[in-house]
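The primary structure of each chain is shown beneath.
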Amino acid sequence: MTGHTRNEITIAAPVDLVWDMTNDLDDWPRLFSEYASVEILSREGNRTTFRLTMHPDDNGTVWSWVSQRETDRDALTVRAHRVETGPFAYMNIRWEYEKTREGTRMVWTQDFAMKPDAPVDDEWMTDNINRNSKIQMALIRDRIEKAAADDRPVPSLAD
């Protein structure tokens, strides 16, 4: 068996702002609630290799791994994969952005498989990713919508 998740959210903000904020890796610890730090290991054109470190889990374990992302601004897509797979046999991620009348639709798709000796199976991880993606996407939506609102010009009294 393999795992597959697809989660989406619409953010009431322009696609340029959504793209810029969600692809600013250096700012991920402030954008996501789960990441304690990001260390950029290399940048080559649109490809970035980086280490993500999470906040300690309920058992005090700190998870960390190396991933690689490649952005395609023209196609409004990002492809990523784990370089250090840890308990995963593989983990491939695709982010897609689409301009809509309501703002920007952001879709996260993850395809993966857990290693046979992993502490959890594909079904457990699928449920975990789906649950957590919804939490993180809502948090990201709220933070981007606040940034969009803060950046809007205030109408003058003459308007």
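As the structure is a prediction and not an experimental result, all values here were calculated from the model.

Caption draft 1: Summary view of the side chain of Thr109. Within the secondary structure layout, Thr109 lies in strand β7 (residues 103-114). Accessibility expressed as a relative area gives 12% for Thr109, which makes it buried. Once you skip the residues sitting within four places of it in the chain, Thr109 turns out to touch His4, Thr5, Arg6, Asn92, Ile93, Arg94 and Glu96.

Caption draft 2: Just helix α3 (residues 122-151), in detail. Look at α3: 42 Å from first C-alpha to last across 30 residues, which is about the 44 Å you get at 1.5 Å a residue. As for α3, its buried residues are in contact with β1 (3-11), α1 (15-22), α2 (28-31), β6 (88-100) and β7.

Caption draft 3: Just the pairing of β6, in detail. With five bridges connecting them, strand β5 (residues 77-82) and β6 associate as antiparallel partners. Bridge pairing links Arg79 to Arg94 in β6. Joining the antiparallel neighbours β5 and β6 is a turn of five residues, in which Gly86 adopts a positive phi near 55°. Summarising the sheet, β6 and β7 pair through twelve bridges and their orientation is antiparallel. From the neighbouring strand, Tyr97 faces β7, where its bridge partner is Met106. Linking two consecutive strands that pair antiparallel, namely β6 and β7, is a turn of two residues.

Caption draft 4: Fine view of the sheet that holds strand β2 (residues 35-44). One open sheet holds the seven strands; their spatial order is β1-β7-β6-β5-β4-β3-β2, and the pairing between them is antiparallel. Looking at strand neighbours, the two that pair on one side only are β1 and β2, the edges of this open sheet. Across the sheet, the axes of successive neighbouring strands diverge by a mean angle of 20°, strand direction being ignored. Against the sheet, α1 touches β1, β4 (64-72), β5, β6 and β7, its axis set at about 155° to β6. Taken strand by strand, α3 contacts β1, β6 and β7, and its axis lies near 15° from that of β1.

Caption draft 5: Local environment of α1. Buried within α1 are the following residues: Val15, Val18, Trp19 and Thr22. The arc that holds the buried residues of α1, viewed along the axis, is 100°, so those residues lie on one side.

Caption draft 6: View of the packing of aromatic side chains. Enumeration over the complete set of coordinates arrives at nine aromatic pairs. Plain terms: the ring middles of Trp95 and Trp108 are 4.8 Å apart, the flat faces sit at 15° to each other, and that makes the pair stacked. Of this pair, Trp95 sits in strand β6 while Trp108 is found in strand β7, placing the two residues 13 residues apart along the sequence. Each of the two residues, Trp95 as well as Trp108, counts as buried.

Parameters and conventions
Residues numbered from 1 in each chain as written. Predicted model: local features only at pLDDT ≥ 70, side-chain atom pairs only at ≥ 80, totals over all residues. Heavy atoms only, no water. Helix = DSSP H or I, 4+ residues; strand = E, 2+ residues; numbered from the N terminus. Buried < 20%, exposed > 50% of the residue type's maximum accessible area, 1.4 Å probe, protein only. Contact = heavy atoms within 4.5 Å. Expected span 1.5 Å × (residues − 1). Pairing = 2+ DSSP bridges. Axes fitted to C-alpha atoms, helices over the stretch in contact; angles between N-to-C directions. Arc of directions from axis to C-beta. Phe/Tyr/Trp six-rings, centres within 6.5 Å; stacked < 30°, edge-to-face > 60°.

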